[in-house]
Every structure is written in structure tokens, then in C-alpha cells.
Amino acid sequence: MGLRRSGKSSIQKVVFHKMSPSETLFLESTNKICREDVSNSSFVNFQIWDFPGQIDFFDPTFDYEMIFRGTGALIFVIDSQIAHKITSTSDRAQDTCSVTGSVVKTAFSFSFYLTSIYDHSIFEAFSKLVQKLIPQLPTLENLLNIFISNSGIEKAFLFDVVSKIYIATDSTPVDMQTYELCCDMIDVVIDISCIYGLKEDGAGAPYDKESTAIIKLNNTTVLYLKEVTKFLALVCFVREESFERKGLIDYNFHCFRKAIHEVFEVRMKMVKSRKAQSRLQKKKGTTPNGTPRMLL
Ligand SMILES: Nc1nc2c(ncn2[C@@H]2O[C@H](COP(=O)(O)OP(=O)(O)OP(=O)(O)O)[C@@H](O)[C@H]2O)c(=O)[nH]1
Ligand SMILES: [Mg+2]
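On a predicted model such as this, the values are computed, not experimentally measured, just so you know.

Caption draft 1: Region of interest: the overall build of the protein chain. Counting its secondary structure elements, the protein chain contains nine helices and seven strands. In the protein chain, 55% of the contacts between residues at least 6 apart in sequence involve partners at least 24 apart. Of the accessible surface of the protein chain, which amounts to about 18,700 Å², a share of 56% is contributed by carbon and sulfur atoms.

This is how it looks when you write it as C-alpha cells:
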């Protein structure tokens, strides 16, 4: 959500459709709520609703109960040119938002990110946002911590390949340069596979079980990418001397990958059993809280 021309659709296109930032200059203004399901191509299993800027929330026909029911996160986009007119520095903008958050006394968490579609800051912000919506985050972080400490790895990210959002990382601090290098590595792998890896009729997948890449940097560090699931990749930073024990890293990766699959199998089972339960309740004519459903 946000005012007209604040950059809502541009963010969606750049993050989830690989649109280049300069192409967003030609985007037309959104005139109705656009819903998009990103779960087919990405680990990120939700719908994104892009609102038109001129929407009137106080219009009696605006069905906010229907619209906001089941919302995981609300992203409010503010054009920094407007924000700069109000506050001269990003710190003060942050203060303003924190104060607003405490005045509103919301029951949900409130975060502020200074982003641009012209660099990786928008992907970083989305990574942090998506992480808040993943219930398995502590487990994933734990697994990454165990994996890196037993393999002599400096830093590891678990990436959603399509959007380049990192859904988890180990507990060492993230620096922007490291994150940008990982994003570039994913781009290299996917772009080369798309151009030279697919068959002439377009058959095949640019990313599959065989996907892996090693890039040696000139600062005695190695970048190592491996497929984890259909949508996820592990990208790590390893010192050259630690990479000599690649056999150990690969064995630990094998255990890590297995654990990740188990974590998500549990989730799939839970989703399936919830669906079966709600089908049963519908059949019985009761709502989930036990109240009989109104027969129309
Ligand atoms: N410099 C800069 N320009 C941006 C950024 N994000 C979006 N823009 C530009 O802002 C303009 C408006 O972008 P839109 O994404 O169409 O804005 P919107 O919020 O969807 O607008 P409505 O659909 O009318 O509500 C475009 O020309 C984008 O190129 C950014 O991070 N930096
Ligand atoms: Mg728009």
C-alpha cells in the first residue's frame, strides 16, 4: 500500500519478476487491486496484493474485513522524496516511524527499511520481512549454525532462488557486500543455465538437483552454491584452506539438506491434516470454533 507513484508495483516486479529497475519507468499506474500467487515458482508461499495508490479506505464499499483477513504483513511504501521533505535524515525518519508505531500501540511488530529498487537493499528488506512470516525460522537458523561450525564455513545463506530473498542465515552478522555477491552468484548460475542449459525447444529446468557452482574470489575466499530443494539454494563463503576439506563440507551438506527436507515435510503434513480437518468440519456443518454453520 502507499500513495500513487510511491513505487509499490515497481518493488513487486523487481523482486518477484526479475524486472530491471529501469524498466519500471514504463509501468502504468495500478487501477485495481492486483492479486498474485507466487507459490508456484517460489518457496515464498503466499499471495501478494498490489493496491492502487488512489484507493479510498473510508469508502463504505471498501470491504476491509475481507481484504485484511489472513494478512501476514502489510507493506506501506513511502517515496523517499516525500520522506525527505518531512525529515532530513534517515535516522529521523526512523524515529518518526518508531514514534508512530508506539502511539498506535499495535499488537504486531513494526519495522522500517530504507530501500531502493536500484540496489540490493529492497531484496534485503524483503528477506527480513519474509523471515518474520516463516514459523520454522529458528530451526533453519539452528541447522545453519550447526552446519557452518562443523564445516569451517564463514557464512551461509539459504536463498529462495527466484526472488533472491534469503529466508535464513546463520547467526553471524550479515554485511551487504556478502549478500550482494551471493545474489550475483545466483544470477550467474540461472542466467547461464537459461541461455545454454535448456534444450532448443525450451525443455528442461534452469535449476535442479544437479545445480551447483564454485567461484574462487581473489581474497582467498570461495563462494559455494548447492541445490537444497526445488526452490532453495545454499550459498556459503568458505576460506580457501577450509575448502580443501570439500569432502567434509559435502558430507555435512548432505545431512543439512536431509534435515531441511524433514522440516518442510512436517509442514506439508500439517497443512494437509488441517485441510482434511476443515473439509470434515464443513461436511458436519460446523465452523472451526464449534458453532453450527448458518444454512443459507
Ligand atoms: N529512484 C527510484 N525510483 C523508483 C523506485 N521505486 C519506484 N521508482 C519509480 O517510481 C515510479 C512509480 O512507480 P510505480 O511502481 O508505478 O508506483 P505505484 O506505487 O505502483 O503507483 P500506483 O500504481 O499509481 O499506485 C516509477 O517510475 C519507478 O521507476 C526506487 O526505489 N528508486
Ligand atoms: Mg502500481
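Caption draft 2: Structural detail: the nonpolar core. By size, the foremost hydrophobic cluster in this structure holds 62 residues, and its most contacted members are Phe147, Leu158, Phe159, Ile167, Leu234 and Phe256. Among the domains, domain 1 (8-89 + 110-125) and domain 2 (134-270) are the pair contributing at least three residues each to this core. When sequence neighbours within four positions are dropped, the list of residues in contact with Phe147 reads Ile153, Leu234, Cys236, Ile249, Asn252, Phe253 and Phe256.

Caption draft 3: Main features of the coordination of the magnesium ion (ligand 2). Protein coordination at the magnesium ion (ligand 2) comes from Ser9 (OG) and Thr30 (OG1), with a distance range of 2.0 Å. Within this pair, whereas Ser9 is found in helix 1 (residues 8-17), its partner Thr30 is found in the loop between helix 1 and strand 1 (34-37), the two being separated by 21 residues in sequence. As far as the burial class goes, Ser9 and Thr30 line up, both buried.

Caption draft 4: Fine view of the site of ligand 1. Taken together, 17 residues surround ligand 1, and among them Lys8, Ser10, Thr24, Ser29 and Thr30 come closest. Between an oxygen atom of ligand 1 and a main-chain N or O atom of Gly53, the distance comes to 2.8 Å. A distance of 2.9 Å separates an oxygen atom of ligand 1 from a polar atom in the backbone of Ile117. For ligand 1, whose unbound accessible area comes to 660 Å², protein coverage reaches 81%. For the shell around ligand 1, the per-class residue count stands at five nonpolar, nine polar and three charged.

Caption draft 5: Representation of the pairing of strand 5 (residues 212-216) in the model. As judged from the five bridges shared by strand 5 and strand 6 (residues 221-227), these two strands associate in the antiparallel manner. Each residue of the ladder has a partner; that of Ile215, found in strand 6, is Leu223. With antiparallel pairing between neighbouring strands as the criterion, strand 5 and strand 6 make up a hairpin whose turn holds four residues, including Thr220 at a positive phi of roughly 55°.

Caption draft 6: Region of the structure containing the pattern of salt bridges. Scanning the entire structure with this criterion turns up eight salt bridges. Between Lys155 and Asp170 there is a salt bridge; the shortest N-O distance is 3.4 Å. Separated by 15 residues along the polypeptide, Lys155 in strand 3 (residues 153-160) and Asp170 in the loop between strand 4 (165-169) and helix 7 (176-197) bring together distant segments of the chain. As a salt-bridge pair, Lys164 and Asp187 come within 3.0 Å of each other at their nearest N and O atoms. A residue pair is termed long-range when its members are at least 10 positions apart, and Lys164 in the loop between strand 3 and strand 4 and Asp187 in helix 7 qualify at 23 residues. Exposure class is identical for Lys164 and Asp187. Each is buried.

Caption draft 7: Spotlight on the packing of helix 1 against helix 5 (residues 121-132). With their axes 11 Å apart at the nearest point, helix 1 and helix 5 run at an angle of 80° to one another. Considered as vectors, helix 1 and helix 5 are oriented roughly perpendicular to each other. Residues Ile11, Val14, Val15 and Phe16 of helix 1 lie in contact with helix 5, whose contacting residues are Ile122, Phe123 and Phe126. When grouped by side-chain class, the residues that make up the contact of helix 1 with helix 5 number seven nonpolar, no polar and no charged.

Caption draft 8: The arrangement of a nonpolar patch on the surface in detail. On the surface, a cluster of nonpolar side chains totalling about 490 Å² of accessible area is made up of Leu3, Leu74, Phe76, Ile78 and Ile82. Topologically, Ile82 is positioned in helix 3 (residues 80-86). Residue Ile82 is classed as partly exposed on the basis of its relative accessible area, which comes to 37%.

Caption draft 9: Spatial organisation of the sheet that holds strand 7 (residues 232-239). The strand order across the open sheet built from five strands is 4-3-7-6-5, with neighbouring strands paired in antiparallel fashion. Lying at the two open borders of the sheet, with one neighbouring strand each, are strand 4 and strand 5. Pairwise comparison of adjacent strand axes, ignoring direction, gives a mean angle of 20° for this sheet. Where helix 6 (residues 137-151) meets the sheet, it contacts strand 3, strand 4 and strand 7, and its direction lies at approximately 145° from that of strand 3. Packed onto the sheet, helix 7 meets strand 3, strand 4, strand 5, strand 6 and strand 7 and runs at close to 55° relative to strand 3.

About the criteria used
- Residues numbered from 1 in each chain as written.
- Chains lettered and ligands numbered in written order.
- Predicted model: local features only at pLDDT ≥ 70, side-chain atom pairs only at ≥ 80, totals over all residues.
- Heavy atoms only, no water.
- Helix = DSSP H or I, 4+ residues; strand = E, 2+ residues; numbered from the N terminus.
- Contact = heavy atoms within 4.5 Å.
- Areas by Shrake-Rupley, 256 points an atom, 1.4 Å probe, with all protein chains shown as cover.
- Core = buried A, V, L, I, M, F, W, Y, C linked by side-chain atoms within 4.5 Å.
- Buried < 20%, exposed > 50% of the residue type's maximum accessible area, 1.4 Å probe, protein only.
- Domains from an automatic or database assignment.
- Donors = N, O, S within 2.8 Å, 3.2 Å for Na, K, Ca; no water.
- Near = heavy atom within 4 Å.
- Polar contact = N/O pair within 3.5 Å; in protein donor to acceptor, adjacent residues only side chain to side chain.
- Nonpolar A, V, L, I, M, F, W, Y, C, P; charged D, E, K, R; others polar.
- Pairing = 2+ DSSP bridges.
- Salt bridge = Lys/Arg side-chain N within 4 Å of Asp/Glu carboxyl O.
- Axes fitted to C-alpha atoms, helices over the stretch in contact; angles between N-to-C directions.
- Parallel < 35°, antiparallel > 145°, perpendicular 65-115°, else oblique.
- Patch = residues over 30% accessible without salt bridge, like charges linked within 9 Å, V, L, I, M, F, W, Y side chains within 5 Å.

Any link to function would need more than the numbers given here.
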